[in-house]
Structures are given as C-alpha cells and as structure tokens.
Amino acid sequence: MTGKGEEWFTEALRDRVGQDEPPLILTAAGVAAVGRRQRMMRAWGASAMAVGVGVSLMVVGLQVIPGEENSAAAGCAPPVPATSVPLPEGSAWPFVDELPQVGPTAGPPDRVGPRPDLKAFECAVRENVLGELPDARFGRIYTGDGTTPAPLQGMAADHALGDRQDTRYGVMAAAVAATRAGHGAILVSAQPVDGDPYPGRCGPGKVCDARTGPHGEPVELFVRQSPANPGAIGYTVYVYTGRTAVVATVTNTPDADVRLPVTAPTPLLTVDQLITLACDPRLALWP
Amino acid sequence: MRTTAVKDEGFAEYFAARARPLRRVAYAMCGDWHLAEDLVQHTFVQLYRHWRRVRTETVDAYARRTLLNAYLSSTRRSRWERSVAEVPDQPGPDDADGPAADVLALLAQLPPRQRAMIVLRHLEDLPVAEVAELFGVSEGSVKSQTSRGLAALRTRLMEA
C-alpha cells in the first residue's frame, strides 16, 4: 500500500510500536458498561431538562449533561497533559525515607490475589486531585526505577518506590504540579496490608497525629518539615480500610521529599483535602 | 435483554479484534501508551453507544474517525494547559537507542494532522483514498503531506 522507498519507515514504525507495548487494561465489558452509563445519563439529562422547564431554574441548574468533550475518559476525569516539570539532577524520588513503615504486606501473591484495577484507582486519584486543583498544570515525576509515567497515571508500585517502602503488589499515581501559589508534588499509593498494623502509634506527644476519616477509617497524619530546607512542608496520611493501606503525600516543593526549593507557602492540598482524597472508598482496592 | 446480549456479543468480538491495533495507532500518534488507552476507551465507548446504527462495512471507518477526532482534540490546548504558573517546557525526547527508537520521537516533531496521516498510511496500511476521506481532503493532499513528512523524518534521522 505504501510507496516504494518508504518501507524503511513502515518497518521502523512497526518495530518501535511493538517494542514496549503494555498489556491492554480495557475490557469490552468495561467499555460497554461506561457506554450504557453515558447513555442513561444523557437520557436522564434530557428528561430532567424537560421537567425542569417552567418548573424550577434550580433543577435545570443542577443537571449534568455529559458531552463529547468530556467523555474522553468516560467515568473518569480527562487525562492529564504531560507538561513536564523537570527536577534537578539527583532529586529523583528519594522520598518517605524518614517516614515509618506503613505495615507488612498482606503476604504472597496467592493471598493478595491479582493486582486490582489500575484504571479505577487512577480515576479516583485524578478526580480528587483535579477537583481540588482545577487550574494546576501537572508534570511527570521521576520514579525510582527510571520511568516517567504520565502525571497521575496509575502504575504498579513494585519498584517505583525503591526499597524505602514495601509496596509489593501495590499501585500508585504521582505528579508534580504548578499552581498560582507555586510548585508542589503529590503521590498516592495503595497496597495490601493486614489491617491496621500499628494501632495507637499516633496521638498526643507522638510523631504523628491520629485522625478519623469520613467513613470512620483510622488515619495517621505525619507533618514533615525539613531543617535543611526552611519552609518546606510535607503532609502524609496513612489510611487503613479493610486490607488496604492508602498513603497520600503532598508537599510544597516539586519533589515528595521536600528537598527542593520552596516556592509555595503551603502544600498543594490542605490536610483535610488530603484526608478526603485518601479516604475515597475507590482507593480501598483490597477490601 | 436478548437484544442487548446480541449487541454486546458483537461488540465484544469487534473489541477483541480491534482494540489492540487501534491502541497501537493511537500510541504512534501521541507517543504515550496511557493517553493511547484513554483515546481507545473513548473510541469504543462512542462505538458502543452507536453500535446498532453502525453498519458492518463502515465500522472500521467509524472507529478510526472517532479515534482520529479524539486524538486531534487531545492535542489542542485543554483547560489544564492554560497556564497560570511558569513551568518549564517538557524536555526533549529521551536519547534513542537506534533508528527504530528514533521514529516516534521524530514523528512527534511533525504537526498532529500530518503525523496522524503518516501513521494511518504506514501502521494501519490504509490506502490514500481512505485517509483522504477520513481527513476530508483530496488524495493529492494526502500524498503530498505524507511525502513531505517522510522526507522531513528522513532528513532529521540522517542529521541525528
């Protein structure tokens, strides 16, 4: 089909695309379910509008009619454009090194089961973060294994966190962000654990604060400040739901280790916003 | 219920046959597997919604057109990109480890429409006439654009 003298390109392109093709996460059933949901929402939107006309402006104001523009990742916030925020040399991902253990992993794969749905995890993270930071620009963050996933992209956390956190079987999503206030980093991970392995380790006079999530989850809050980097602040929360530990970190420096220069007065999210994010039931991948 | 089951069965068969090839096309266009998967998800969701009305002989064209539109939309500045902060631009493509690895990085330097034309011609092996119809341009325009694009790629590859 292609012209003479162009075979070199066809061959090179096919080779390149086939080099690192990851497994397909989408399924026909999943896509069909999203399609049905969209159709129902569209029908609902049309009915609501019909009812709303002449009845109440408020009803019309509340309805949601999804359109083509926002359906690119149906059931999920749109993909986050990869405006890269390069980090200085040597700043790649040495984070959480001073944080205590999340807890032992739940065990070997036969106990943990197959890796859960990355897409659902990613959608929940994206929706929360983009909802709280609608005007932010997001960049890739370099992981410990040398990869640069798209901002807030769900990925296996097996090696991404190096040896600092035992996240075998876990998943994560991270990004650097730039807001009007300055730069910051955000990282959310989930991993299987045997419940809350350290009940009571946080509280008055201890290194972390004990909180309770909106659904009654035990929450551990660590606030980190760096003597070597005045003004740098990191909030990290550990949330235990069922057999899942969610760890969420936000900082006011463009790395999760609060080592880079401070450009924002506070982390990207408040403590309450971070707890709300980390307690999203969709992140509890191991019930 | 019966109709839905039949519809879903046909859709699942088509998905099984075409999801991966379309994702490769999307990846070749955008250079990002993650975005490629989102574009393919969008394509199949739209396809599912209109599955009953799409004829067998036009389903491939419908899927390609939806994917192409989604890709071109994704290249336009979104609300997330309307900058409010001074963030440095994305660094250039990583060092390639051979001509094959160079191809996507070089392709990314072409304008999105030209890139998409080349991908559809060379990865999907679409005839010029079908590419022209997809883009709503003449066959001559497809020929000249793909030819110019490939010439530019060849030159850049030589310079690299």
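Above this text is the structure in question.
Cut-offs used in this document
Residues numbered from 1 in each chain as written. Chains lettered and ligands numbered in written order. Predicted model: local features only at pLDDT ≥ 70, side-chain atom pairs only at ≥ 80, totals over all residues. Helix = DSSP H or I, 4+ residues; strand = E, 2+ residues; numbered from the N terminus. Buried ≥ 20, exposed ≤ 12 C-beta atoms within 10 Å, placed from the backbone. Contact = placed C-beta atoms within 7 Å. Axes fitted to C-alpha atoms, helices over the stretch in contact; angles between N-to-C directions. Parallel < 35°, antiparallel > 145°, perpendicular 65-115°, else oblique. Arc of directions from axis to C-beta. Left-handed = near helix turned anticlockwise from the far one by under 90°. Core = buried A, V, L, I, M, F, W, Y, C linked by C-beta atoms within 7 Å.

Considerations on the overall build of chain B
Within chain B one finds seven helices and zero strands. Scanning chain B from its N terminus toward the C terminus, one meets helices and strands in the order α-α-α-α-α-α-α. The proportion of buried residues among the 160 residues of chain B is 38%. Long-range contacts, defined here as pairs at least 24 residues apart, represent 60% of the contacts in chain B between residues at least 6 apart.

Here's the deal with the environment of Tyr48 of chain B
Structurally, Tyr48 of chain B can be placed in helix H2 (residues 33-49). Take Tyr48 of chain B: there are 25 C-beta atoms within 10 Å of it, and that puts it in the buried class. If we ignore the near neighbours within four places in the chain, the residues touching Tyr48 of chain B are Val31, Ala32 and Gly35 of chain A together with Phe11 of chain B.

A closer look at the packing of helix H6 (residues 128-135) of chain B against helix H7 (residues 139-159) of chain B
Angle between the axes and distance between the axes are the two parameters that describe a pair of packed helices. Residues and elements named next belong to chain B. In contact at an axis separation of 8 Å, H6 and H7 are set at 100 degrees when each is read in the N-to-C sense. In terms of orientation, H6 lies roughly perpendicular with respect to H7. Contacts between H6 and H7 pair Val128, Ala129, Val131, Ala132 and Phe135 from the former with Glu139, Ser141, Val142 and Lys143 from the latter.

Some thoughts on helix H6 (residues 271-278) of chain A
Residues and elements named next belong to chain A. Burial in H6 covers these residues: Leu274, Ile275, Leu277 and Ala278. Seen along its axis, H6 keeps its buried residues to an arc of 160 degrees; they face one direction. Residues of H6 that are buried in the fold lie against helix H5 (118-132), strand S4 (182-192), strand S5 (209-212), strand S6 (218-225), strand S7 (233-241) and strand S8 (244-251).

Looking at the packing of H2 of chain B against helix H3 (residues 59-75) of chain B
Residue and element names in this part refer to chain B. Relative orientation of the contacting elements H2 and H3 amounts to 135 degrees, with a least axis distance of 9 Å. One way to sum up the angle between H2 and H3 is to call them oblique. Handedness of the crossing formed by H2 with H3: right-handed. Of H3, the residues touching H2 (which contributes Leu35, Leu39, Val40, His42, Thr43, Gln46 and Leu47) are Tyr62, Ala63, Thr66, Leu67, Ala70, Tyr71 and Ser74.

Structural notes on the nonpolar core
Ala26, Ala28, Leu67 and Tyr71 of chain B are the most contacted members of the largest nonpolar core, which has 48 residues in total. Breaking this core down by element, the ones donating at least two residues are helix H1 (7-19) and helix H2 (28-52) of chain A together with helix H1 (2-30), H2, H3, helix H4 (99-107), helix H5 (112-122) and H7 of chain B. Considering every element that reaches this core, the biggest residue donor is H1 of chain B, with 11 residues. For Tyr71 of chain B, the contacting residues outside a window of four places in its chain are Ala26, Met29, Cys30, Leu39 and Ala116 of chain B. Tyr235, Val239, Leu277 and Leu285 of chain A belong to the second-largest nonpolar core, a separate cluster that totals 47 residues.

Here we look at unusual backbone geometry
Of note in the backbone geometry, Leu152 of chain A takes a positive phi value of approximately 60 degrees without being a glycine. Tracing the chain through its elements places Leu152 of chain A in the loop between strand S1 (137-139) and strand S2 (155-156). Residue classification places Leu152 of chain A among the buried residues on the basis of 27 C-beta atoms within 10 Å. Even without being a glycine, Asp125 of chain B presents a positive backbone phi close to 60 degrees. On the secondary structure map, Asp125 of chain B appears in the loop between H5 and H6.

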